[in-house]
Structure formats: structure tokens, C-alpha cells
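Commentary on secondary and tertiary structure
Each chain, letter by letter, is given below.
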Amino acid sequence: MKVFINKRIPETGITMLKEAGLEITIPENDDLSREKWLQYCKNTDAILNVGANAFDHEFFDQCPNVKAIALFSVGFDHVDIKEANKRNIPIGNTPDVLSRATSDVAFLLMQSVSRRASFYFQKVKAGNWGNFDPLYELGQELYGKTLGVFGLGRIGFEMAEKCKKAFGMNIIYHNRNHNDEAEKELDAKYVSFDELIEQSDVLSIHANFKPEQSNLFNASVFERMKKNAIFVNTARGGFHDQKDLYQALVSGQIWGAGLDVTNPEPIEDNDPILQLSNVCVLPHIGSATIEARNGMARLAAENIIAFSKGEKMPHIANPEVY
Ligand code: DGY
């Protein structure tokens, strides 16, 4: 079976696929245009996909030979799942192995913003250490504050657990379903969306993104948040309206923002949000650890190998195909 991998992944995954006797193609120059990417996809049975290439109507129409897709990500918002289901194509993903790493980044952003770490680092790099000033650009402490989690699944749980253990934070969350484990172990309290935005001192997004949630966090939400609130997004940039976020930050409607994902992504160099002292922006590095990336390579390879043997993919975004 032919497998197209659009970018090099950790060796552990490649070795697994080779040992399973699969015929792998990885382009030498892996910075593919959409057109070139589609060309590779047309000539393969299965795809192990790194990045946000859109598996949309056009893709499914143009690549009728593709029978399975294993994503090198937990998120699958770039896949038209309805189309995949219509054509009986399993879509594998990589849950769990990146939950710790991604929640670490949410925790890092929260702390960086609360103490303005990235702003101060920029100053030091610019040779501007500054004098001791009792009132200059002060941070805020997180002890005993309230963390609001939007989407309390595996990554949200890890973030909530860290916040509880490190800072004794109270946990509230809004989700499609109740998370019994979080309620039992972290004393997390289920709240409505309105309560979440009105009560959170730190509001951290950990939900899967759906198109209907586009710009859900916009001016009308930011204006109802607490003035001391820190907004953290490590999920998908589409969740927030970045212009409204900027306005909320400069007008003091909210206190700060930590973003590992931006809207648009990548962020534009001249986005004024980058100039603010109460913001930290990272380039979507949630899963960028050796451990998480090795785990993702293993899970993606397991998915492809299972498919090649006529078995169900063990880590799947659309289990309804089976
Ligand atoms: C994921 O796995 O969904 C990460 O955001 C990387 O895309």
C-alpha cells in the first residue's frame, strides 16, 4: 500500500511504517503548494498528513483513490468529516500523547502574561534593563483565582490540574457534557457559557474547533469578562476575533492574553497586538516537544498500519465510518 507523508516526522513513525512493508513517499522539498500537494495525494492509497492542509470537497473530488487519512494532529477542523464519511474514509488523529505538552503551553502563557515575562524579556534583549520602579508594569498573582476552561477534555483537564496544584485555583468549566472525573478529582464546577465568561480570572480554551464557533470570543464576550481576566487560547485561532481582542486589551476590558494560536494564522508581522505588554504570542508550539511528537508519530503510524491490515484505526476522529 502506498503512503504519502507530506513532511518528515520523527523516525519512530517512519520505521514502523517501513517495517510494516508500506511504500512511503516523502517529498524532498516538503514546502508544497496546494497544487503540488494535491498531485501527490492523487497518486496514493493513504495519507499521513502533517499540518493544516484542507481536506475539503475539492480534495475528496480530486483524490478518489485515497482510502485513509492519518492526521499528525489531534485537531481535525481542517477535514470535512461529512465528506469523508460519505466516502467511507477513516480519519485518524493523535489524541492524549500531546495533552500534557499542550496544557504546559497554556500554563506557560498564563504565567508569562500574569507576570509580563515576554514583555520584560524583550526589554532586556533591547538593552533596557530599567530601574527598580514600585509601580511599573506590575503583574498579578494567580493564587486562589478562578480558572475557566472552555472545553474540558483531556488537554483542559491537564491544564486545570496544574492550575489547581500550583496555585490552588478554583476550576469552573463549560462543555458539551459534564466531566465527572474533573468534578470528582479537581472539584470542577460546570457552569453556563455566560457564567464562565463572567466569573473567570483566567479563561483558557481547550475545545475542538467547529466552523459555527468562529469568532465566538468577540467584543460582546470580552466586555462581559472581568477586568483582571487573562484570555488564553492554545486551541484554534478561529475561536477569537483578534481585532476585538486587541481592543479589549488596549481599553482595559480584560487584563491580558496568551496565544499559541492566532487569527489569522500565522499572525501578520504588523498586528498591533504584538506590541502590547500584556500579551504573549507563540507560533502554535503546543505539541512541539520530543515526547509529544514521538507519540504523535507512533499513533499516526499505528493508524496507517491498522488500516493497511484491514483493521479499524485505533485512534479515530470519525468512528462512525465503521
Ligand atoms: C493539534 O494536534 O491539533 C495541534 O494543534 C497541532 O495542529
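Given the structure is predicted, the values throughout are model-derived calculations rather than measurements.

1. Re the pairing of strand 7 (residues 170-174)
Buried residues dominate strand 7, accounting for four of its five residues. Between strand 6 (residues 146-150) and its parallel partner strand 7, the chain crosses via helix 7 (residues 154-167), and the hand of that crossover is right-handed. Two elements, strand 7 and strand 8 (residues 189-190), share two bridges in a ladder whose sense is parallel. Residue pairing across strands places Tyr-173 opposite Tyr-190, the latter belonging to strand 8.

2. Focus on the UniProt feature "domain: D-isomer specific 2-hydroxyacid dehydrogenase NAD-binding" (unreviewed entry) in the chain
The UniProt feature table records "domain: D-isomer specific 2-hydroxyacid dehydrogenase NAD-binding" (unreviewed entry) at residues 109-286. As annotated, residues 109-286 has a helix share of 31% and a strand share of 15%, and its two end C-alpha atoms lie 11 Å apart.

3. Describing helix 11 (residues 242-250)
Within helix 11, the full set of buried residues consists of Gln-242, Leu-245, Ala-248 and Leu-249. Burial along helix 11 is one-sided: seen end-on, the buried residues are contained in an arc of 115°. Here the buried face of helix 11 lies against helix 10 (219-222), strand 10 (230-233), strand 11 (256-259) and strand 12 (279-281). Of the residues flanking the start of helix 11, the one acting as N-cap is Asp-241, its side-chain oxygen 3.1 Å from the backbone nitrogen of Lys-243. Phi for Gly-252, located one or two positions after helix 11, is positive at around 80°.

4. Section: the packing of helix 5 (residues 99-114) against helix 7
Remark: helix 5 packs on helix 7, axes separated minimally by 8 Å, with the N-to-C direction vectors making an angle of 50°. Taken together, the axis directions place helix 5 and helix 7 in an arrangement best described as oblique. Every pair of crossing elements has a handedness; the one defined by helix 5 and helix 7 is right-handed. Across the interface between the two elements, Ser-99, Arg-100, Thr-102, Ser-103, Asp-104, Ala-106, Phe-107, Met-110 and Gln-111 from helix 5 touch Arg-154, Ile-155, Glu-158, Met-159, Lys-162, Cys-163, Ala-166 and Phe-167 from helix 7.

5. Details of the domain arrangement of the chain
Segmentation of the chain into domains returns domain 1 (2-95 + 289-321) and domain 2 (99-281). Each of domain 1 and domain 2 was reduced to a C-alpha centroid, and the two centroids are 31 Å apart. Taken residue by residue, the interface counts five residues in domain 1 and four residues in domain 2. Considering only the side of domain 1, the residues that lose the most area to domain 2 are Val-74, Asp-77 and Pro-95, jointly responsible for 63% of the buried surface there. Inspection of the region where domain 1 meets domain 2 yields one salt bridge. With a shortest N-O distance of 2.9 Å, Arg-236 and Asp-77 are connected by a salt bridge. Here domain 1 is connected to domain 2 by one residue pair in polar contact (both at pLDDT 80 or more).

Criteria and thresholds
- Residues numbered from 1 in each chain as written.
- Predicted model: local features only at pLDDT ≥ 70, side-chain atom pairs only at ≥ 80, totals over all residues.
- Heavy atoms only, no water.
- Buried < 20%, exposed > 50% of the residue type's maximum accessible area, 1.4 Å probe, protein only.
- Helix = DSSP H or I, 4+ residues; strand = E, 2+ residues; numbered from the N terminus.
- Right-handed = clockwise from strand over helix to strand, strands pointing away.
- Pairing = 2+ DSSP bridges.
- UniProt positions renumbered as here; feature names shortened; annotations may be inferred.
- Arc of directions from axis to C-beta.
- Contact = heavy atoms within 4.5 Å.
- Polar contact = N/O pair within 3.5 Å; in protein donor to acceptor, adjacent residues only side chain to side chain.
- Axes fitted to C-alpha atoms, helices over the stretch in contact; angles between N-to-C directions.
- Parallel < 35°, antiparallel > 145°, perpendicular 65-115°, else oblique.
- Left-handed = near helix turned anticlockwise from the far one by under 90°.
- Domains from an automatic or database assignment.
- Buried area = accessible area lost by both parts, 1.4 Å probe.
- Salt bridge = Lys/Arg side-chain N within 4 Å of Asp/Glu carboxyl O.

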